[in-house]
Structures are given as structure tokens and as C-alpha cells.
Amino acid sequence: MKILIINHFAGIPKYSDFSLRHYYFAKYFKEKDFECSIITSKQNYQSREKVDSSKKLIEDIEYFFIDEPAISSKSLISKTIRMFGFSFNLFKYLFFQSKKHNPDYIIASSPDLFTCFVSYLFSIKSSSKFILEIRDIWPLTQITVHNLSRINPLAILLKLIEIFLHKKADFVVSNLPNYNQYLIDHKIKFKRYCYIPQVIDVNYYDKNYKKIDLDKATSNIFDSYDKVGIYAGTIGHYYGLDNIIKSIKLINNDTAIIFMGEGDFKEKAIKLKYKYNLENLFFIDGHNKSYLFTVMKKCSFGIVSFPDKDFYKYGIASLKMFDYLYAQIPLLMIGPFNKFSILKNLNNKHEAKFDDINEIASQINILTNLNNEEQSVYQDQSKKLLDNYASINSMRSQLDKIF
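Definitions and cut-offs
Every chain's residues receive numbers from 1 upward, in the order its sequence appears when written. A pLDDT threshold of at least 70 governs which residues receive local features in this predicted model, and a stricter bar of 80 or more applies before side-chain atom pairs are shown or counted, although totals over entire chains, interfaces and linings include all residues. Neither water nor hydrogens contribute to the side-chain values; these are computed over all heavy atoms in the structure. When DSSP finds two or more bridges between a pair of strands, those strands are recorded as paired. The secondary structure listing takes helices from DSSP runs of H or I that are at least 4 residues long and strands from runs of E that are at least 2 residues long, numbered from the N terminus. Fitted lines through C-alpha atoms give the axes, limited to the stretch in contact for helices. The angle between two N-to-C directions lies from 0 to 180 degrees. Any Lys or Arg side-chain nitrogen located within 4 Å of an Asp or Glu carboxyl oxygen qualifies as a salt bridge. Only protein chains enter the area calculation, which uses a 1.4 Å probe; residues under 20% of their type maximum are buried, those over 50% are exposed, and those in between are partly exposed. Residue contacts are counted whenever heavy atoms from the two residues lie within 4.5 Å of one another. Crossing handedness is defined as follows: a turn of the near helix away from the far one that is anticlockwise and smaller than a right angle gives a left-handed crossing, while the clockwise case is right-handed. Gly counts as polar in this scheme, as do all residues outside two lists: the nonpolar Ala, Val, Leu, Ile, Met, Phe, Trp, Tyr, Cys and Pro, and the charged Asp, Glu, Lys and Arg. Put simply, buried Ala, Val, Leu, Ile, Met, Phe, Trp, Tyr and Cys residues joined by side-chain atoms within 4.5 Å make one nonpolar core. Buriedness for pockets is judged along seven lines, at least five of which must meet protein on both sides within 12 Å for an open set on the 1 Å grid over protein atoms alone, while cavities are sets there where a 1.4 Å probe fits but cannot get out, and lining residues have an atom within 4 Å of a point. Grid points are joined across faces, edges and corners, and a volume is the space filled by probe spheres set on the points. The pairing test for Phe, Tyr and Trp rings, Trp by its six-membered ring, is centres within 6.5 Å, and the orientation test on the planes gives stacked under 30 degrees, edge-to-face over 60, and tilted for anything in between.

Student: Just to check I follow, could you spell out the sheet that holds strand β5 (residues 105-109) for this structure?
Tutor: Adjacent strands of a sheet pair through backbone hydrogen bonds, lying either parallel or antiparallel. Strand order in the open sheet formed by 8 strands is β3-β4-β2-β1-β5-β6-β7-β8, with mixed pairing between adjacent strands. Either end of the sheet is taken by a strand with one partner, and the two such strands are β3 (55-58) and β8 (193-195). Strand-to-strand, the axes of this sheet are offset by a mean angle of 20°, without reference to chain direction. With 5 bridges connecting them, strand β1 (residues 2-7) and strand β2 (residues 35-41) associate as parallel partners. Opposite I6, over in β2, you have I39 as the bridge partner.

What follows is the structure, encoded as C-alpha cells:
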């Protein structure tokens, strides 16, 4: 059996490993003695490194790379240009430039529905079974996050493609825990559906992400403060970082907060640091996962934050959420994580409303006062949560139902 995975932003070990979901899929297929390859972009927006060839064998998985417009901005217009550019080049590659792919199954993954549409067309040409995977609901995400009007031509086009692909797919899968409810609420027709959870391979992480030396500036943070908390992820206004910054004025003086990552709000966030004279707020650029986990495991707690948007009721599978669980540090959940993500299964929870600055500060102060025994309880809970809801075996068991 031959399987082709097509994902605009598939994770690539040692290149762009923010999400290795489809690499895990491919490893599963290899173990089943299926032939499997992955088509993705040469330039993942989450990576600074561009792949320098059209084909590579990486960790025994065959990757094929498609070029796209080089745009660093993460605005909706830039995303749209990149989507069209990648999908157009993918179409040329599949239909005119390559005779290498003759799959029995094609797995096409969102958020890029244009990529999925091209993949469906190729499934017709190659007489392949077509599996549609939804990891990010478009156009609903863009309507919610970027205030795209429902009557915007792009939103209408994406909605039509969404309905068409679900109807035509031989199988629909998602990593969103409640995506089946989305299908019901929007009366979307489909043949078969299966939830395949977002997972991490702990053995892979242990082997590949080793403790490393931190730069002097970062080390000085931990030398200077008794407790350090971290928000790691996109530095965007959407995630309520201005509320977190304002809450820092109310926390204990011996506690520091690190913002680690990049985003369109970073420059303004730095200005707010100086506006409020927050000497205990620090910014670290995005790094590889070895650096990330070295920092995380030295921190006393982590912070995840999403606004209370209605569309999160269909499930949250935030990638950074799994990084915190792997680091086994206590978490402050700001927003709807306690209702719509696997974090709701934690026994000990610390949560705050998205815009409640006093509550955010209060929970941070509680987290900084946890004793060693309480810290140990969180470590055990994090491990159990990954084992029970996000282990590589849970992904494999769901794939077994399809293949």
C-alpha cells in the first residue's frame, strides 16, 4: 500500500519540528510496511531555515518539497498569498512535473484548504482514496481571529471548498477533540469520521531534545529571581499578552516572567514593559526545542492563554500546551483551556478569566508558592495526561481503525 501525505506546513525533524504529527503518521505506516512519503513546503513559516532541495530522506521518511512565495509577514493577506502560491506550485508539480507518486491513499491536511482541494483533484487522477484532515477550521478561524467577514469573497470560497471536500472525502479526521460537534452544528455531510488526537512521542523527545547551555542573559534571569514563569508561543495581541503584562505589576517581586517567541505584538509588548517599569519581564527570541525545554524545565510554571471565543468549543489542540506537559511544570490556564482541551483532565487546576488582571496575578502568586511536594504532584499529573490522552499509542490505535 502506498500513502501520500500532503500538508503545506508538515513538521520536519531537525528543520521545523513544531509539530511532527505527520512524521509520526509516516513512521507508523513504515512499521506497517506501507510506502509513505510527505509533500510539504520548502519554507515553513515557523522555521528560519529553508530546505535547499526538492527531495530529502529524513529519518527514513521521504520528503518532497514545493516552493512558495517568500513572505515573512503573518497577516491574513500574506497567508492567502502563500496558500495560493503553494497550491499553484503543488498543482504544477503533481499534474505536470512528477510521475513519482501513485498512491493508494492521499491524506491532505488543513489549515490550507486550497492545498486539500488540489490534493483531492490528484486523488481523482491517481484513483486514490482521499482522506481529509482538519487541524484548524477554515474559514471559521479567520472569521474569528482576523475578523474576516462571512460575506467576504475569500470566506465564501473557503466555505464552499470546505463543504465540497467533506462531502467528497472517503474519510474525515481531526485532532480537535470536539470536531464531530462542528460537523453536526454546521450540517456538513461526510461519509466517515475519526478523531486522531494530537500527540507527542516522548521517546523521540527524550532522545532528540537534550539539555543545553543557556546564553548568559537567560541564565542571569534564573540567577536573579527565586521563581520564573514562562509564556512560550506566538507573541500576539490576540492571546491577551497585554493582560498578562498588566498583571505583572501585581505579582511578587521575586518572580520573573519570560515571553519566549515571535509575533506582531512583540514590539508593543516591549514598550509596555518600559511603560510600566517591569524589570521582572523578559523577552527571549524563539529557539529550537532543546533550548525551549532547557528553559521550560528551569521554570516554576507555564502560561497558556486563549480568548474566550465560541469556536473553541470544538476543541483546543494547541501545540505549546503539549510542550508544557512534556516539561512537566504547573500551568496557569487563561481562557477556555479548562473546558475544551485535554487540560480539563488535570486534577489540580489554576485558571483565570482572559481579561481579569487581578485573577491572573493572584494565580501567578499561588503558583510561585507551591512547595516541592505540590510541584511533584504536577509532574505526575503531566505525565499521566500525556500517557492517557496524547501518547503515540493513542494515535496509532486510531490509525488502526482506518488502515
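Student: Just checking my understanding: could you explain the pattern of salt bridges for this structure?
Tutor: If charged atoms from side chains of opposite charge come close, those side chains can pair. A full pass over the atoms with the stated rule returns 16 salt bridges. Between K159 and E162 there is a salt bridge, with its nearest N and O atoms 2.9 Å apart. Placement of the pair is K159 and E162 together in helix α5 (residues 153-168), with a separation of 3 residues, close to one helical turn. With relative accessibility at 25%, the residue K159 sits in the partly exposed group. Within the structure, one salt-bridge network assembled from shared partners comprises R21, E133 and R135.

Student: Would you mind going over the sheet that holds strand β12 (residues 301-305) with me for this structure?
Tutor: On the basis of which strands lie adjacent, the open sheet formed by 6 strands has the order β11-β10-β9-β12-β13-β14 and parallel pairing. The outermost strands of the open sheet, each flanked by one partner alone, are β11 (281-284) and β14 (350-352). In this sheet, neighbouring strand axes are inclined to one another by 25° on average, regardless of whether the strands run parallel or antiparallel. Both strand β13 (residues 331-334) and β14 contribute to a ladder of 3 bridges, which runs parallel. The residue of β14 that forms the bridge with I334 is A352. Where helix α11 (residues 289-296) meets the sheet, its contacts fall on β9 (227-232), β10 (255-260) and β11, and the angle it forms with β9 comes to roughly 145°.

Student: So what exactly am I meant to see when it comes to the packing of helix α9 (residues 241-248) against helix α14 (residues 357-368) here?
Tutor: If you want to describe how two helices pack, look at the angle between their axes and the distance between the axes. Put simply, α9 and α14 touch, their axes get as near as 8 Å, and they point 65° apart. When you trace α9 past α14, the crossing you get is right-handed. Side by side, α9 and α14 meet where N243, K246 and S247 of the first sit next to I357, I360, A361 and I364 of the second. Classifying every residue of the contact of α9 with α14 gives 4 nonpolar, 2 polar and 1 charged.

Student: Got a minute to help me understand the nonpolar core in this structure?
Tutor: If you look at soluble globular proteins, the nonpolar side chains tend to sit buried side by side. Core analysis: the biggest nonpolar cluster contains 115 residues, and Y24, F29, I39, I230, I258, L343 and M395 have the highest contact counts within it. Here I258 is in contact with I221, F222, V228, G229, I230, Y231, F282, I284 and V295, once residues within four sequence places are set aside.

Student: Explain the environment of T115 here, please?
Tutor: Here T115 is to be found in helix α3 (residues 113-125). With 36 residues separating them along the chain, T115 and K79 place their C-alpha atoms 13 Å apart. When residues no more than four places from it in sequence are discounted, the contact partners of T115 are I6, H8, F86, S87 and L90.

Student: What is the right way to read the layout of surface pockets from this model?
Tutor: To find leftover empty space, a probe the size of one water molecule is rolled over the atoms. Size it by volume and the second largest pocket reaches roughly 240 Å³. If you trace the second largest pocket, you find 16 residues lining it, with E35, C36, S37, E62 and K100 closest to the centre.

Student: Explanation requested: the packing of aromatic side chains in the structure shown.
Tutor: Geometry of an aromatic ring pair is reported as the spacing of the ring centres plus the angle between the planes. What the rule picks out here adds up to 32 aromatic pairs. Note on Y120 and F130: the rings are 5.4 Å apart at their centroids and 70° apart in plane angle, and the pair reads as edge-to-face. With a gap of 10 residues between them, Y120 in helix α3 and F130 in strand β6 (residues 129-134) connect regions that are remote in the sequence. Of the two residues, Y120 and F130, neither departs from the other in class, the shared state being buried. On the basis of an interplanar angle of 85° and a centroid distance of 5.4 Å, the ring pair of Y120 and F164 is categorised as edge-to-face. With Y120 in helix α3 and F164 in helix α5, the pair connects residues that are 44 residues apart, well separated along the chain. Relative accessible area serves as the criterion here: at 11%, Y120 is assigned to the buried category. Put simply, the rings of Y23, Y24, Y204, Y205, Y209, F293 and Y326 touch in pairs and so form one group of aromatic residues.

These figures capture arrangement, not role.
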